[in-house]
Amino acid sequence: MVDHTRIRGFCAAFCFFAPEIVNDVSQQGATAVALEWWLVAGHWIFSFQAIWGLAFLAVNAGARRSIIGSVLNLPYTAFALLGLYGTSKRSLVFVATSLLFSLGTVWLFVLFTFLNYLGSRGNGRGWVVFAIYLPGLVVDILLIALNVPLVYYLHQMRQPASGDTQGDPSNNEPLSQREIMRQAHLRLGSQHRDETLL
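Criteria and cut-off values
- Residues numbered from 1 in each chain as written.
- Predicted model: local features only at pLDDT ≥ 70, side-chain atom pairs only at ≥ 80, totals over all residues.
- Heavy atoms only, no water.
- Helix = DSSP H or I, 4+ residues; strand = E, 2+ residues; numbered from the N terminus.
- Polar contact = N/O pair within 3.5 Å; in protein donor to acceptor, adjacent residues only side chain to side chain.
- Contact = heavy atoms within 4.5 Å.
- Core = buried A, V, L, I, M, F, W, Y, C linked by side-chain atoms within 4.5 Å.
- Buried < 20%, exposed > 50% of the residue type's maximum accessible area, 1.4 Å probe, protein only.
- Phe/Tyr/Trp six-rings, centres within 6.5 Å; stacked < 30°, edge-to-face > 60°.
- Expected span 1.5 Å × (residues − 1).

K.L.:
Hey, could you run me through the side chain of Ser 98 in this one?
P.N.:
By the secondary structure assignment, Ser 98 is in helix α5 (residues 92-120). A polar contact of 2.5 Å, which involves the side chain of Ser 98, links it to the backbone oxygen of Phe 79. Polar side-chain contacts of Ser 98 include one of 3.4 Å to the backbone nitrogen of Gly 83. Setting aside chain neighbours within four positions, we find Ser 98 in contact with Phe 46, Phe 79, Ala 80, Leu 82 and Gly 83.

K.L.:
Which parts of the structure should I look at to understand the nonpolar core?
P.N.:
Side chains of a nonpolar character, in soluble globular proteins, are inclined to be buried together. Grouped together as the largest cluster of nonpolar side chains are 20 residues, with contacts concentrated most on Leu 35, Phe 46, Val 95, Leu 99, Val 106, Leu 150 and Leu 154. Ranked by residue count, the leading element in this core is α5, at six residues. Aside from chain neighbours lying at most four places away, what touches Phe 46 is Ala 80, Gly 83, Leu 84, Thr 87, Val 95, Ser 98, Leu 99, Asn 147 and Leu 150.

K.L.:
Help me out: how do you make sense of the packing of aromatic side chains in this one?
P.N.:
This model, assessed by the stated rule, comprises six aromatic pairs. With 4.8 Å between their ring centres and 55° between their planes, Trp 52 and Phe 56 make a pair best called tilted. One end of the pair is Trp 52 and the other is Phe 56, both in helix α3 (residues 30-61) and four residues apart, which spans about a single turn. Here the aromatic rings of Tyr 152 and Tyr 153 are separated by 5.1 Å at their centres, their planes lie at 75°, and the arrangement is edge-to-face. Judged by its relative accessible area of 21%, Tyr 153 falls in the partly exposed class. Through pairs of rings, three or more aromatic residues link up here, namely Phe 48, Trp 52 and Phe 56.

K.L.:
For this particular structure, what's the right way to read helix α4 (residues 67-89)?
P.N.:
Structurally, the α-helix is built with 3.6 residues per turn, so residues lying three or four positions apart point the same way. Across its 23 residues, α4 extends 34 Å between first and last C-alpha, which sits within 8% of the 33 Å expected from 1.5 Å per residue. Residues Gly 69, Ser 70, Leu 72, Asn 73, Tyr 76, Thr 77, Phe 79, Ala 80, Gly 83, Leu 84, Gly 86 and Thr 87 constitute the buried set of α4. Two residues or fewer after α4 comes Arg 90, characterised by a positive phi angle close to 55°.

So, to be careful, I would describe these as geometric facts and stop short of saying anything about function.
Right under this line is the structure:
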């Protein structure tokens, strides 16, 4: 039996937030438990992405002195923090937005790398560009791909179970004004008949 409290403690210590872990599998169902595990994994992945982005931001601003690299790493880190916040709130919107914009930033990195390659190909240093930027791009894509299951389970938990809304008056559509008046007249008519019989 895995101690969920320890997992939550590790997340609280090394991440910005710690999710609530579900211990009762029978009560919540397999999907909810899988979501809790992916929330924990998402905390670690988004935390690493934020640290990864800050590290490259420092490298680009310092050693490489790359303005474009710094400009791209700044939103990449911000989107990682947005995803981290989204996991703490169990928000599909925040997590999906973080992944989509992170992916867009990665594609800008790919374009930036390709343009650097074209500029360095003439002096025979094109392979240096790939050696510098390609490993980082692979890690970026891997981090985004690892969080895709989290989006799936967040989406699954938002879908109502089949038959949940049947027979539940609170889930019915609101009545029109005419229908409300008709039901009121029927009730008044029924009360009047009862009083007449008495």
